[in-house]
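# Remarks on the overall topology
Take a look at the letters that make up each chain.
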Amino acid sequence: MALSGGDALGTRQRLEVLGGFVGFFTVLALINAVGLIAVGRPSMLASLVLVLMLAASWYTFRVWRRADRAVNRS
């Protein structure tokens, strides 16, 4: 289903905000995982959270790009 110009623009803006939140928490998860490894206390949970946040960031970016293309087409 193709979005109309106004719907696509709103979707893109909401995805930009979501991408900011997800990106911020991805960076925090990365800092936490690297910090734990650096002090010699690697954590499987921290690594799992980092992988999940990276997957969420990737998915959010892909959906945002799709919405961006819909805005540029209209």
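The notes below deal with the structure included here. This structure is a prediction, so every number in the text was calculated from the model and none was measured.

What follows covers the overall build of the protein chain. Helix and strand counts for the protein chain stand at two helices and zero strands. A compact globule built from 74 residues would reach a C-alpha radius of gyration of about 11 Å, whereas the protein chain, at 16 Å, exceeds it by more than 25%. By principal-axis analysis of the C-alpha atoms, the protein chain measures approximately 55 × 15 × 15 Å. Burial analysis of the protein chain (74 residues in total) assigns 23% to the buried set. With an accessible surface of roughly 5,500 Å², the protein chain has 70% of that area assigned to carbon and sulfur atoms.

Below, the discussion takes up a nonpolar patch on the surface. A cluster of nonpolar residues, Val17, Phe21, Phe24, Phe25, Val27, Leu28 and Ile31, forms a patch on the protein surface that exposes about 700 Å² of accessible area. For Phe21, the position within the fold is in helix H1 (residues 5-38). Residue classification places Phe21 among the exposed residues on the basis of a relative accessible area of 51%.

The topology assignment puts Leu48 in helix H2 (residues 44-73). Judged by relative accessible area, which is 49%, Leu48 ranks as partly exposed. Considered as a pair, Leu48 and Ala33 are 15 residues apart in the sequence and their alpha carbons are 9.4 Å apart.

What counts, and where the lines are drawn
- Residues numbered from 1 in each chain as written.
- Predicted model: local features only at pLDDT ≥ 70, side-chain atom pairs only at ≥ 80, totals over all residues.
- Heavy atoms only, no water.
- Helix = DSSP H or I, 4+ residues; strand = E, 2+ residues; numbered from the N terminus.
- Rg over C-alpha atoms; globule rule 2.2 N^0.38 Å.
- Buried < 20%, exposed > 50% of the residue type's maximum accessible area, 1.4 Å probe, protein only.
- Areas by Shrake-Rupley, 256 points an atom, 1.4 Å probe, with all protein chains shown as cover.
- Patch = residues over 30% accessible without salt bridge, like charges linked within 9 Å, V, L, I, M, F, W, Y side chains within 5 Å.
- Salt bridge = Lys/Arg side-chain N within 4 Å of Asp/Glu carboxyl O.

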